[in-house]
Structures are given as structure tokens and as C-alpha cells.
Amino acid sequence: MRLWFMGAARTVTGSMHLIEVNGSRVLLECGLFQGPRKESAERNRALPFAPENIDAVVLSHAHIDHSGNLPTLAKRYDGNIYTTFATRDLCSLMLMDSAHIQEKDADWVNRHEELEGEERIEPLYTPEDVQKALSQFVSIAYHRPLPIADGVTLTFIDAGHVLGSAQVVLDVRENGVERRVVFSGDIGRRHTTLLRPWEPVPEADILIMESTYGGREHGPFAAMAGHLADVVNRTVARGGKIIIPSFALERAQEIVFHLRNLLKEGKIQPLPVYVDSPLAVNITDVFSLHPDCLAPEINQFYLKREDPFSFPGLKYVTEVEDSKAINDEKTPSVIISASGMCEAGRILHHLRNNIENENNTILIVGFQAQHTLGRRLVEHEPEVKIFGVPYPVMAEVVVLNGYSGHADKHGLLGYAKSTKESLSRVFLVHGDPDQSQKLAATLQSEGFARIHVPELGERVEL
Ligand SMILES: [Zn+2]
């Protein structure tokens, strides 16, 4: 058996690993590399292997850094792509959204390069390519083992990270030897609102695990709703609006559910709340289709035919005209909009219209990568550019780190410990080098055997 680390090695983006066993090649994920424009374009277009030679593809969850380059792969790959049912539904929405972003990006580049006489580029992939990839998805429920290649049986178990997220358990039989390889995908926090928590890893021999926050601690999740109430009440008292840039998947629904509870408990007063993102609106509907992924508290709503993501005053906005109309309102409201890092989408309009008013609050509830507008807000820069125009940041900027969808260093250690006794090798992926190294040191001090942080392109014989 051989492992080949081709993405999300010493970085958090472009997840892609290959397992070769019994002459078969199983690809774990085909994520989009999201970084500087030129490097991203090169890496996403040139896959580091021949797609025709892949025998099966397995996807842990729908986030674009894990799923986002499947349409490129499927241009030259006709085999199965295994996921959970919820991941398939989410990919249908999110990959289509990604295709439109690819087309817009290519347009932008072409308009700028034309001026310099450069050749036109094609989008990385199109909506047609997305539909081809989706036609190859084979969905299986959690805990339903399925043979996917010669001597390889796949089982998905809960990862507690986003709707449909799974750990990938591969039972491998090669030359009469049986081994269990577990790929963690992204691991969620043990206590969150919407999802069932991750399940302990059963008897793994080889663990490939994420290390996004391998050296960091999150604030306690239980305190988050209280902080949210404080922010809302403080801003309403000033007569301002609360602008929340949010990822369309999971974070938007989490915030809505917390606001619903705060309102019900009388901890905030009734006020208009807008979810202004067509993608977030569509994704919220997908939750109702997959009770097998949900925390019992949330599932109870659906059993009683109630909607956990609905309350008086909440409006889901899809039409552009309705989105623009929000700006005309002068009274306090909450506006939840995407993209989560303020790089594109309707959030930019809301920021532009509200950033110069000191009564307003910009509430950051998600990870903000370097060089994004969201990161500049987190770092309290006095002036930021929106659509190329500089604006002074007069609104209050509040950061709530505790909403992270990833386990922190304690969570990751607890996760790894759940299978420690059987492990012979641990590979740490999906982390910036300092975070992976910190987790490696922690695991070492806890007596784990043979921990390795692979480099991009590294191959390991097992
Ligand atoms: Zn993820």
C-alpha cells in the first residue's frame, strides 16, 4: 500500500490524497486550491496524476477546498465519486456556485489581460462540467460498508463538521494482510448546535488527520449565544445594524438558530433578521432532508413538522431587488450575508453601505484567510477598500472565534486518543506548518507512535 499526498499537505487548502493498493488507485478528495490567483490557476488546472488511471474517488464533505476541483477531474474521469447523501445535495448547490465564480473570474482576467494583448483563458470549469461530475456521485449512508475497489471497503462515520461530513474508513486487504486506514476529513467540535458530534475512530491502523487548529484553543462554544445577544442588544441600543459575513453552509444556519432561541428566551427584542444569500437560503432547505446528520434537538423540530430555521421577523432573501431594499431601512436589523470572508457576493454591498456608521456593528463569526477583506476587518485596519474604493471603518468590529466548525487542539487530541492503542502511523494534513507541528509535538508527548507531517507530493510506502 502506498499513500501519496497531493494537496492540503502543510497547508489548509486543496485537499487531495491518493491511496494505491492491490494495483487500484483510490483518490481521497479533489479540493480546489485557494490561494494567490496565478498559483491557484496553475495548480487547479494541472492535476498531479492522470485522471484516467483513478479507480474510485471518495469525498468527506462538501466544502470547496475538499470538493471544488471534482468537475475538473470529471472531464477525464468517468468512475464513481462516493459521498454521503447530504454531501451530494450540498455539492449540487456549492459546485454550481463555484462554476459561476470560475466563469466570472475568467471574465475578469480576460478583460484585464486583453488590454495587454494576452491570450484569453477558459474558466476552470463550467456548469456543464459540474453536472457531469454530479452524475458520477454514488451516495451511501453512514455505517453502510461498501466495496469500492479490489480489496478496499469504504464506510462513512460522522465527523461533526458540517452537514453530511464524514470520516472515511477504508478496510484494506492486501496480500492476506488486513489494515484499516482512517481519513478524518475535517473534524468538528464535540459540542455544537446543529449536528451529531464526531464518532470515535474504531481500531484504526493508519490515521490521516486534519490539523487546522492543532496549536490553538477556541473560546467555549456554550458562551457564544450570550456574546451574540450582547452584540445585538448593544447595537440596537445605538440604533444601528448588525452585519454578519457568514459562510453559506453551517455558520448561517447556526447563527439563525441562536437568534431564534435568544428571541424565544427574551434575551433579544424582536427585530428584522435577513439571510441575504441565495446559496445560504438553498442550503438551509437541504438540512430538512437529512435528519440522520442532525443533533437530536434539531431533529425534534422536523419530527414535529416544525422548522428550526424560522422565526417571526426572519426573512430569506433571494431576489436582487429585495436585497437592495434592505438598505433603505433605517431601523435596527441583523443582516447575514455571504461570502464569509467578504471577498465577493452581497456582503460587499452591505459593508459598503454600513461601514461608515459608528452605530453599526460588523460581526465576524468565521475564519478569515490572509489577504481577504474579512482579515483586514479582524485586524482593525482603519480604512479598507470595497469595490476598489477606500472606506474608513467607523462601525464597531466584533470577532467571535468560538463559532469555528473545526476542533481545536484539545478536540483534535481527544479525537486521536479515541483510537490510539491500535495505531501504527499518524499523518497530519490540512494545517499550516506551525499548527501541524504543534499537534505533532502534542501527540508525541502523549506517546503516539510514528507521527509524520507529509510534504506536498510526498509518497509513503506502508
Ligand atoms: Zn471543511
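Keep in mind that this is a model prediction, so the values were computed, not measured. (Residues numbered from 1 in each chain as written. Predicted model: local features only at pLDDT ≥ 70, side-chain atom pairs only at ≥ 80, totals over all residues. Heavy atoms only, no water.)

**Some remarks on the packing of aromatic side chains**
Thinking step 1. With the rule as written, the count across this model stands at five aromatic pairs.
Thinking step 2. Seen in terms of ring centroids, F5 and F427 are 5.4 Å apart; in terms of plane orientation they differ by 40°. Their pairing is tilted. Placement of the pair is F5 in strand 1 (residues 2–7) and F427 in strand 20 (residues 425–429), with a sequence separation of 422 residues.
Thinking step 3. Judged by centre distance (5.4 Å) and plane angle (75°), the rings of F287 and F309 are edge-to-face. A residue pair is termed long-range when its members are at least 10 positions apart, and F287 in helix 8 (residues 278–287) and F309 in the loop between helix 9 (296–303) and strand 14 (314–317) qualify at 22 residues. For the pair F287 and F309, a shared accessibility class is recorded, and that class is buried.
Thinking step 4. The ring of W198 carries the charged tip of R190 above its face, separated from the ring centre by 4.0 Å.
Thinking step 5. Directly above the ring of Y142 sits R196, whose terminal nitrogen or CZ lies 5.8 Å from the centroid. (Phe/Tyr/Trp six-rings, centres within 6.5 Å; stacked < 30°, edge-to-face > 60°. Helix = DSSP H or I, 4+ residues; strand = E, 2+ residues; numbered from the N terminus. Buried < 20%, exposed > 50% of the residue type's maximum accessible area, 1.4 Å probe, protein only. Lys NZ or Arg CZ within 6 Å of the ring centre and 35° of its normal.)

**Regarding the domain arrangement of the protein chain**
Buried accessible area, meaning the area lost when the parts come together, often serves as the stated size of an interface.
Thinking step 1. The assigned domain composition of the protein chain is domain 1 (2–216 + 405–461) and domain 2 (221–403).
Thinking step 2. With both sides pooled, the region where domain 1 packs onto domain 2 buries about 2,100 Å², and carbon together with sulfur makes up 67% of that total.
Thinking step 3. Between the two partners, domain 1 and domain 2, sit zero salt bridges.
Thinking step 4. Summed over the shared surface of domain 1 and domain 2, the number is eight residue pairs in polar contact (both at pLDDT 80 or more).
Thinking step 5. Looking at the side of domain 1 that touches domain 2 residue by residue, the class counts come to 11 nonpolar, seven polar and four charged. (Domains from an automatic or database assignment. Buried area = accessible area lost by both parts, 1.4 Å probe. Salt bridge = Lys/Arg side-chain N within 4 Å of Asp/Glu carboxyl O. Polar contact = N/O pair within 3.5 Å; in protein donor to acceptor, adjacent residues only side chain to side chain. Nonpolar A, V, L, I, M, F, W, Y, C, P; charged D, E, K, R; others polar.)

**Some points on the layout of surface pockets**
Thinking step 1. In this structure, the second largest pocket spans a volume of roughly 170 Å³.
Thinking step 2. Every residue along the wall of the second largest pocket is listed here: V320, S323, K324, N327, G345, R346, H349, H350, R352 and N353.
Thinking step 3. Elements with a minimum of two residues in the lining of the second largest pocket: helix 10 (320–326) and helix 11 (347–354).
Thinking step 4. Considering each element in turn, the lining of the second largest pocket owes the most residues, four residues, to helix 11.
Thinking step 5. Grouping the constituent residues of the lining of the second largest pocket by class yields one nonpolar, six polar and three charged. (1 Å grid on protein atoms, 1.4 Å probe; cavity = no way out; pocket = protein on both sides within 12 Å on 5 of 7 lines; lining within 4 Å. Points joined across faces, edges and corners; volume = space filled by probe spheres on them.)

**Re the coordination of the zinc ion**
Thinking step 1. Distances from the zinc ion to its protein donors, namely H61 (NE2), H63 (ND1), H161 (NE2) and D186 (OD), fall within the range 2.2 to 2.3 Å.
Thinking step 2. Considering all four donor atoms around the zinc ion, the spread of angles at the metal, 93 to 165°, places the coordination shape in the irregular class.
Thinking step 3. Sequence positions of the donors to the zinc ion reduce to the motif H-x1-H-x97-H-x24-D. Separated by 100 residues along the polypeptide, H61 in the loop between strand 4 (56–58) and helix 2 (64–67) and H161 in the loop between strand 8 (152–158) and strand 9 (166–174) bring together distant segments of the chain.
Thinking step 4. What makes H61 buried here is its relative accessible area of 1%.
Thinking step 5. The class of H161 is buried, set by a relative accessible area of 4%. (Donors = N, O, S within 2.8 Å, 3.2 Å for Na, K, Ca; no water. Tetrahedral: all angles 85-135°; square planar, octahedral: opposite > 155°, others 65-115°.)

**Quick look at the sheet that holds strand 16 (residues 361–364)**
Thinking step 1. Read across the sheet, six strands follow the order 14-13-15-12-16-19 without closing on themselves; strand pairing throughout is parallel. Every interior strand has two partners, whereas the edge strands, strand 14 and strand 19 (396–399), have only one. Here the average twist between neighbouring strands, direction ignored, is 20°.
Thinking step 2. Direction of pairing for strand 13 (residues 273–276) relative to strand 15 (residues 334–337): parallel, over a ladder of four bridges. Across the sheet, residue D276 finds its bridge partner in strand 15, namely S337.
Thinking step 3. Strands strand 12 (242–245), strand 13, strand 14 and strand 15 of the sheet are contacted by helix 7 (residues 251–264), whose axis makes an angle of about 160° with strand 15. (Pairing = 2+ DSSP bridges. Axes fitted to C-alpha atoms, helices over the stretch in contact; angles between N-to-C directions. Contact = heavy atoms within 4.5 Å.)

**Thoughts on the sheet that holds strand 20**
Thinking step 1. Read from one edge of the open sheet, seven strands run 7-8-9-10-11-20-21, paired in mixed fashion. Bordering the open sheet on either side are strand 7 (146–149) and strand 21 (451–452), each of which pairs with just one other strand.
Thinking step 2. Here strand 10 (residues 177–183) pairs with strand 11 (residues 206–210) via three bridges, running parallel. Residue pairing in the sheet places F183 in a bridge with I208 of strand 11.
Thinking step 3. This element, helix 13 (residues 409–417), spans strand 9, strand 10 and strand 11 of the sheet and lies at about 165° to strand 11.
Thinking step 4. Sheet contacts for helix 14 (residues 433–445): strand 11, strand 20 and strand 21; angle to strand 20, the most-contacted strand, approximately 155°.

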